[in-house]
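What follows is the residue order along each chain.
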Amino acid sequence: MSGIRNRIERWFEKLSDTIFDNRYKTLFFVILFVGLLGSQIPKITIDTSTEGFLHETDPSLLDYEKFRDQFGREQMLVIALSPPDVFDKTFLENLKKLHHDLEKGAPYLEEITSLINARNTRGKKDELIVEDLFENWPETPEEMEAIKQRVKDNQMYKNMLISEDLTFTTIVIQTQAYSQKGDKEDALKEFDDEFDTEMTDENVTPIDEVSKIYLTDEENGEFVKAVEAILKQHHFPDTEIYMAGLPAVSYFLKTSMMRDMRKFLAIAVITIGLFLLILFKRISASLMALFIVILSLFSTVGFMAFCGAALKLPTQILPSFILAVGVGDSVHILVIFFRRFNRTGNRKAAISYALGHSGLAILMTSITTASGLLSFSTAAVAPIADLGMFAAAGVMLALIYTVILLPALLSIFPLKPKKHIIDRPESMQTISDRLLTFVGNISIRFPWQVLIISGVILTVAVFGLIRIEFSHNPLKWFPKENSIRIANEKIDDVLKGSTSLEVIIDIGKENGLYDPVILNKLEKSAKYMEEEFVSNKVAVGKAWSLTTVLKEINQALHANDKKFYKVPQDKRLVAQEFLLFENSGSDDLEDFTDSRFSRARFTIKVPFIDAISFTGFIDDVRDYFKKNYPEAEVKTTGMVSLFVRVITASIISLRISYMYALSIITLLMVFLIGRIRIGLLSMIPNIAPILIMLGIMGWMDIPMDLFSMMIGSIAIGLAVDDTIHFMHNFRRYFEESHDAGDAVLQTLHTTGRAMFVTTCVLSIGFFTFMFATMGNLFNFGMLTGITIIMALLSDYFIAPSLMIIVNRTRKE
């Protein structure tokens, strides 16, 4: 094993000589390669939608797309207004103007509903009339009072268009399901022609998968911005206005993400650049390290665009991550290079020595970091899988540029050795020299005490770990004072919910929904969900289905008598009433059933709360419907279902990812060290920081969300870097002196310096996330930065103590 390592180190030395002799050619070809990848950057897209969290082949997403194909986009933008009097004529006139301006000015709009055009079903002699609520504008107080009474009597308006106490009213906007990009018209035409066939034959695809493009994140942003602009043009005296709903949440997540990414990059570049300048006291060294890592970042983002991957919420950490991680490789090479260059003044020999000394170590650290990241690549959550693949690619690109481009830059830049710092006597040692000696002596003299204290700390961390709770609530990522969070929480409180769970009940036969038995079940289910159903602390705000329309029709056809607001018990009468409704000119039945009346949509309105709370709720809903509708095929879908799928898939995927990362990194450590026992022991300082981080989360009541779940695999890939550098150099010095104590001190005085620098750079890179506007990113940056610092302390104390004990026993 030692012979293999020596051959690899000599190969790196030869590579550096070749690059030195061909430095301008090397520079040209690297810049050409970066240019080709960088040219793809303008093609990068951004996707903050919930659907973007799942792979295109995910069963939950496929079910949701089938639902969306049939019933349209169920994600509604809700504008809630709280005037002194909802039925004040002036307010209603302003509401009418706003309604019409939104109808004309909002792009990608499919349907807009408010009190102005709410469905008003009534009978006039033998005629069924379906018209807008304000079809005829009230001119007298009596007419206004009649409309007010009609609103109070209509159960469908309650908690949809008006609050129970009549203090809030809403404008509900549904956007188009399909994007205006691509061959949308042809897709929709084919869908209309073959839709009925699709309902009976699962093997028939009604829309060409290539041409079927759903409303994009960019188009959703245009829509929300247009609505915001229109709202600003209207003045409602003494009226609070709230804009909420998933389209708004998605848009504001995207704007926060773009703003934070720019902020992170600027802060990271400036702080890392200044830190490197202070460390090396050379502008050239700082510029070379930053140049390498910026090229790595451009290449990674360009590679993402080339592969058609979008930037999503989890992958927004990628630029800062590459910036922080990539610079570590350059630092290790530069520290050794300048130490040798200042001693000898021979530039070519110093480059060869630095690459031979640290080339294998940074190769192994890059592989272990990439391995930790690649463990995400099998995740069922799409952006986490993307992060794993492209962050790993970025790490390897940073390695390639460090090994190939950095020697070329060192060959080209005008550099002079600083002779005055060579062979500093002990009396002139710097504070860092004395500190590293002090740290090394603690491990050499008191190794068992160090391990015992570490064990106590880890025990406390384990007790904190068991307190951790899982969470996934994008709304809570916003600050408490954020307008979109306030709006959603207000609507959840006043209107009993801002999102929904959709249940599809497929009877399996044409006109099956004419059967009063099925309709009675639907009516009973709606009442049960609203009044009795409680599951996992989720309160149902409203439930409705096809029977809501049917009861309105039946009442209208019986002289508007409230006694007949019920489901008819005759199948033929049901069919006739639905036919009359369709002939009235209304297409509202399309929102509740298919054209064959074989498939019913049952909507359950719920508040926007933590997805973890919905896991048991969905199971209970599904069990209820399967038990009460044994003759039908039941599926749950909608945004709530997708939220639950995202968090459950994350938990399962990341559990597997942790196992993969630990296994792969352990094998690489054994290979690098060459001894199984020491290789396994070397994982202790790598796992310890992860346990401490988890303990901090538990004791500080920080939830385990989609972002904090990733810290473990990311951190172990980073933590192992310092361990590899320590073990690699300890082995070199121990083979020379056969004295473990001396090897520890030499390792700390050489690699220990670079480890300190890379830890500072990495932690700074991640601590920049604490400037984020969203709380999830703040926690991610804080915890990852702390974990990296804990990893350095583990390699300064635990790793040397283990090596002292193991090699002392070996010597005895």
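Our subject is the structure that appears above.
Residues numbered from 1 in each chain as written. Predicted model: local features only at pLDDT ≥ 70, side-chain atom pairs only at ≥ 80, totals over all residues. Heavy atoms only, no water.

Peer 1: Lay out the overall build of the chain in plain terms, naming residues and giving numbers.
Peer 2: Within the chain, the regular secondary structure consists of 26 helices and 12 strands. A principal-axis box enclosing the C-alpha atoms of the chain has dimensions of 110 × 55 × 50 Å. Counting every position in the chain, which comprises 812 residues, the buried fraction comes to 58%. When contacts within the chain are restricted to residue pairs at least 6 apart in sequence, those whose partners lie at least 24 apart make up 81%. Carbon together with sulfur atoms contributes 58% to the accessible area of the chain, which is approximately 34,000 Å² in total. Taking the average location of the 82 positive side-chain charges in the chain and that of its 96 negative ones, the two points are 12 Å from each other. (Helix = DSSP H or I, 4+ residues; strand = E, 2+ residues; numbered from the N terminus. Buried < 20%, exposed > 50% of the residue type's maximum accessible area, 1.4 Å probe, protein only. Contact = heavy atoms within 4.5 Å. Areas by Shrake-Rupley, 256 points an atom, 1.4 Å probe, with all protein chains shown as cover. Lys, Arg positive; Asp, Glu negative; His and termini not counted. Charge placed at Lys NZ, Arg CZ, Asp CG, Glu CD.)

Peer 1: Give me the environment of Glu633: which residues, what numbers.
Peer 2: Checked against the element boundaries, Glu633 lands in strand β12 (residues 633–637). For Glu633, a relative accessible area of 44% corresponds to the partly exposed category. Residues Glu633 and Leu397, spaced 236 residues apart in sequence, show a C-alpha to C-alpha distance of 50 Å. Once residues lying within four places of it in the same chain are set aside, the contact partners of Glu633 are Ile504, Ile505 and Asp506.

Peer 1: How would you sum up the sheet that holds strand β7 (residues 499–506)? Please name residues and give values.
Peer 2: Spatially, β10-β11-β7-β12 is the arrangement adopted by the four strands of the open sheet, whose pairing is antiparallel. In this open sheet, the two strands that pair with only one neighbour each are β10 (542–544) and β12. Each neighbouring strand pair of the sheet contributes to a mean axis angle of 15°, computed without reference to strand direction. With eight bridges joining them, β7 and strand β11 (residues 599–606) adopt antiparallel strand pairing. Counted as the bridge partner of Glu502 is Thr603 from β11. Those strands touched by helix α17 (residues 516–531) are β7, β10 and β11, and its axis lies near 10° from that of β11. (Pairing = 2+ DSSP bridges. Axes fitted to C-alpha atoms, helices over the stretch in contact; angles between N-to-C directions.)

Peer 1: Which residues make up a nonpolar patch on the surface, and what values go with them?
Peer 2: On the surface, a nonpolar cluster with roughly 800 Å² of combined accessible area is contributed by Trp448, Ile452, Val456, Val460, Phe463, Ile466 and Trp699. Examining the composition of the nonpolar patch, we find that five residues originate from one element, helix α14 (residues 447–465), more than from any other. Within the fold, Ile466 resides in the loop between α14 and α15 (474–477). (Patch = residues over 30% accessible without salt bridge, like charges linked within 9 Å, V, L, I, M, F, W, Y side chains within 5 Å. Salt bridge = Lys/Arg side-chain N within 4 Å of Asp/Glu carboxyl O.)

Peer 1: Any chance you could break down the packing of α14 against helix α23 (residues 684–699) for me, citing the residues and the numbers?
Peer 2: For the pair α14 and α23, the least separation of the axes is 7 Å and the interaxial angle reads 50°. In terms of orientation, α14 lies oblique with respect to α23. When you trace α14 past α23, the crossing you get is left-handed. Residue-level contacts link Ile457, Leu458, Val460, Ala461, Phe463, Gly464 and Leu465 of α14 to Ala688, Leu691, Ile692, Leu694, Gly695, Gly698 and Trp699 of α23. (Parallel < 35°, antiparallel > 145°, perpendicular 65-115°, else oblique. Left-handed = near helix turned anticlockwise from the far one by under 90°.)

Peer 1: Before we move on, can you summarise the nonpolar core with the specific residues and values?
Peer 2: Residues Ile173, Val227, Phe321 and Ile714 are the most contacted members of the largest nonpolar core, which totals 153 residues. Ranked by residue count, the leading element in this core is helix α24 (residues 708–737), at 14 residues. The residues contacting Ile173, other than those within four sequence positions of it, are Gln75, Met76, Leu77, Ile79, Leu102, Leu109, Glu111, Ile112, Phe223 and Val227. Counting 46 residues, the second-largest nonpolar core is a separate cluster that includes Met156, Trp544, Val549 and Phe597. (Core = buried A, V, L, I, M, F, W, Y, C linked by side-chain atoms within 4.5 Å.)

Peer 1: Break down the packing of aromatic side chains for me, citing the residues and quoting the values.
Peer 2: Scanning the model with the defined rule gives 32 aromatic pairs in all. Ring geometry for Phe134 versus Trp137: centroids 5.0 Å apart, planes at 40°, classification tilted. Grouping residues by exposure puts Phe134 and Trp137 together as buried. Grouped by ring-pair contacts, the aromatic residues Tyr528, Phe533, Phe602, Phe614, Phe617, Tyr624, Phe625 and Tyr629 constitute a single cluster. In this structure, Lys521 packs its charged tip against the face of Tyr629, placed 5.6 Å from the ring centre. A cation over a ring is seen here: Lys566 above Phe564, with NZ or CZ 5.6 Å from the ring centre. (Phe/Tyr/Trp six-rings, centres within 6.5 Å; stacked < 30°, edge-to-face > 60°. Lys NZ or Arg CZ within 6 Å of the ring centre and 35° of its normal.)

Peer 1: Residues and numbers for a negative patch on the surface, please.
Peer 2: There is a patch of like negative charges on the surface, built from Glu110, Glu111, Glu582, Asp587 and Glu590. Looking at where Glu590 falls in the secondary structure, it is placed in the loop between α19 (571–583) and β11. The exposed category is assigned to Glu590, whose relative accessible area is 52%.

Peer 1: Please give an account of the pairing of strand β3 (residues 119–124) that cites residues and values.
Peer 2: Across six bridges, β3 lies against strand β4 (residues 127–132) in antiparallel orientation. Considered in β4, the bridge of Gly123 is made with Leu128. Where β3 folds back onto β4 in an antiparallel hairpin, the turn is made up of two residues, including Lys125, whose phi is positive at roughly 60°.

Peer 1: Outline empty space enclosed by the protein, listing residues and values.
Peer 2: Using the criterion set out here, one finds three cavities of 30 Å³ or more in the structure. If you add up the space inside the largest cavity, you get close to 180 Å³. Contributing to the lining of the largest cavity are 19 residues, with Gly328, Leu718, Asp721, Thr758 and Leu762 lying nearest its centre. Listed by contribution, the elements that provide at least two residues to the lining of the largest cavity are α10 (318–344), α11 (347–374), α24, α25 (740–767) and α26 (775–811). Ranked by the residues each element gives to the lining of the largest cavity, the list is headed by α24, at six residues. Along the lines of polarity and charge, the residues of the lining of the largest cavity split into eight nonpolar, eight polar and three charged. Taken together, Thr48, Ser49, Thr50, Phe53, Leu246, Val249, Ser250, Leu253, Leu313, His472, Pro474 and Phe643 make up the lining of the second largest cavity. Of all the elements, helix α8 (residues 246–280) adds the most residues to the lining of the second largest cavity, at four residues. Considered class by class, the residues forming the lining of the second largest cavity number seven nonpolar, five polar and no charged. (1 Å grid on protein atoms, 1.4 Å probe; cavity = no way out; pocket = protein on both sides within 12 Å on 5 of 7 lines; lining within 4 Å. Points joined across faces, edges and corners; volume = space filled by probe spheres on them. Nonpolar A, V, L, I, M, F, W, Y, C, P; charged D, E, K, R; others polar.)

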